[in-house]
Amino acid sequence: MKVKTILVSQPEPKMENSPYLRLIEKEKVKVDFRPFIHVEGVDAKNVRQQKIDLNNYSAIILTSRNSVDHFFRIAEEMRFKVPDSMKYFCQSEAVAYYLQKYVVYRKRKIYVGKRNFKDLLPLFKKYKDETFLLPSSDALKAQVPDTLNQIGIEWTRGIFYKTVISDLSDLRNVYYDVLVFFSPSGIESLLKNFPDFEQNNTRIAVFGDSTINAATSAGLRIDIKAPTPETPSMTMALQKYITSVNKK
């Protein structure tokens, strides 16, 4: 069956040259964006109940933009003035760049990984005497604590925000040819919102091994996978699939 409509379970990209725009123009398909999950911050009282005192840390580990936003939100709620001496260990350049929203970049001690969390290992080893705080969500990839524990640094995880399933009830009678997922939480949201979901001719596109595992465990048929050596991005995987089926 040809693909004419796609629902991406994420917010719409803000950049003008989004690869989804090129996909829409080239394949003449309709692409909608709708977050299946969203983030809600926990309050300072909750963080205190986790026995976290921001005065006790000399370095912050930031894995996402959300972790940046919610660390500084909690600091403000706690009336904690973040010292200029604070060190920031950012998982990627994108996270480090986003940090500029809160600090003067050139005046701070900011250390940046390449992309994956393990890329920070050499930096953690170099600054092993620091006391690290990891502001995170309630859902944390096992790779993160496993990596930190194996190098024996002093670190604490703080749950500063939570991943919450969005209400999708208005989509109950709306059908798309392809549903695109980027996390196990997205799959969970689909099944929580629509417990009687029947896939039928709906194609499922998934990004990443953990999402593949979640979709498979849920009994869904996976039609499009990324990343692969041939299609490292989701839009490339969609492009390949659509070109193939729409030609028929």
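Owing to the predicted nature of the structure, the values given are computational and were not obtained by experimental measurement.

(A) Representation of the layout of surface pockets within the structure. Put simply, the second largest pocket is a space of about 480 Å³. Looking at the lining of the second largest pocket residue by residue, the classes come out as eleven nonpolar, five polar and five charged.

(B) Local environment of the sheet that holds strand 2 (residues 30-33). Read from one edge of the open sheet, five strands run 2-1-9-10-11, paired in parallel fashion. This sheet does not close on itself; its edge strands, each paired only once, are strand 2 and strand 11 (222-226). Taking the axes of each pair of neighbouring strands and ignoring which way they run, one obtains an average angle of 20 degrees across the sheet. Across four bridges, the pairing between strand 1 (residues 5-8) and strand 2 is parallel. In the sheet register, Leu 7 faces strand 2, and the bridge partner there is Asp 32. The strands that helix 9 (residues 234-247) touches are strand 1, strand 9 (178-181), strand 10 (203-207) and strand 11; relative to strand 11, the one it contacts most, it runs at about 140 degrees.

(C) Inspection of the side chain of His 70 at higher detail. Along the chain, the position of His 70 falls in helix 3 (residues 65-77). When sequence neighbours within four positions are dropped, the list of residues in contact with His 70 reads Val 39, Gly 41, Phe 160 and Tyr 161.

(D) Expanded view of the sheet that holds strand 8 (residues 154-165). Strand order in the open sheet formed by six strands is 3-8-7-4-5-6, and the pairing between neighbours is mixed. The outermost strands of the open sheet, each flanked by one partner alone, are strand 3 (37-41) and strand 6 (109-112). Going across the sheet, the axis of each strand differs from the next one's by a mean of 25 degrees, ignoring polarity. As judged from the four bridges shared by strand 5 (residues 87-90) and strand 6, these two strands associate in the parallel manner. Residue pairing in the sheet places Lys 87 in a bridge with Lys 109 of strand 6.

The rules behind the values
Throughout, residues of each chain are indexed from 1 in the direction in which the sequence is written. This being a predicted model, a pLDDT of at least 70 is required before a residue's local features are given, and a value of 80 or more before pairs of side-chain atoms are given or counted; all residues contribute to the totals for chains, interfaces and linings. The basis for the side-chain values is all heavy atoms of the structure; hydrogens and waters are excluded. Cavities and pockets were defined on a 1 Å grid built over protein atoms only: a cavity is a set of grid points that admits a 1.4 Å probe from which the probe cannot escape, a pocket is an open set flanked by protein on both sides within 12 Å along at least five of seven lines, and lining residues are those with an atom within 4 Å of any such point. Grid points are joined across faces, edges and corners, and a volume is the space filled by probe spheres set on the points. All amino acids are sorted into three groups, where Ala, Val, Leu, Ile, Met, Phe, Trp, Tyr, Cys and Pro are nonpolar, Asp, Glu, Lys and Arg are charged, and the leftover types, Gly among them, are polar. Note: two strands are recorded as paired if DSSP finds a minimum of 2 bridges between them. Working definition: helices are DSSP H or I runs of at least four residues, strands are E runs of at least two. Numbering for both runs from the N terminus. To get an axis, a line is fitted to the C-alpha atoms, and for a helix only the part in contact is used. The angle between two axes follows their N-to-C directions and goes from 0 to 180 degrees. In what follows, a contact means two residues having at least one pair of non-hydrogen atoms within 4.5 Å.

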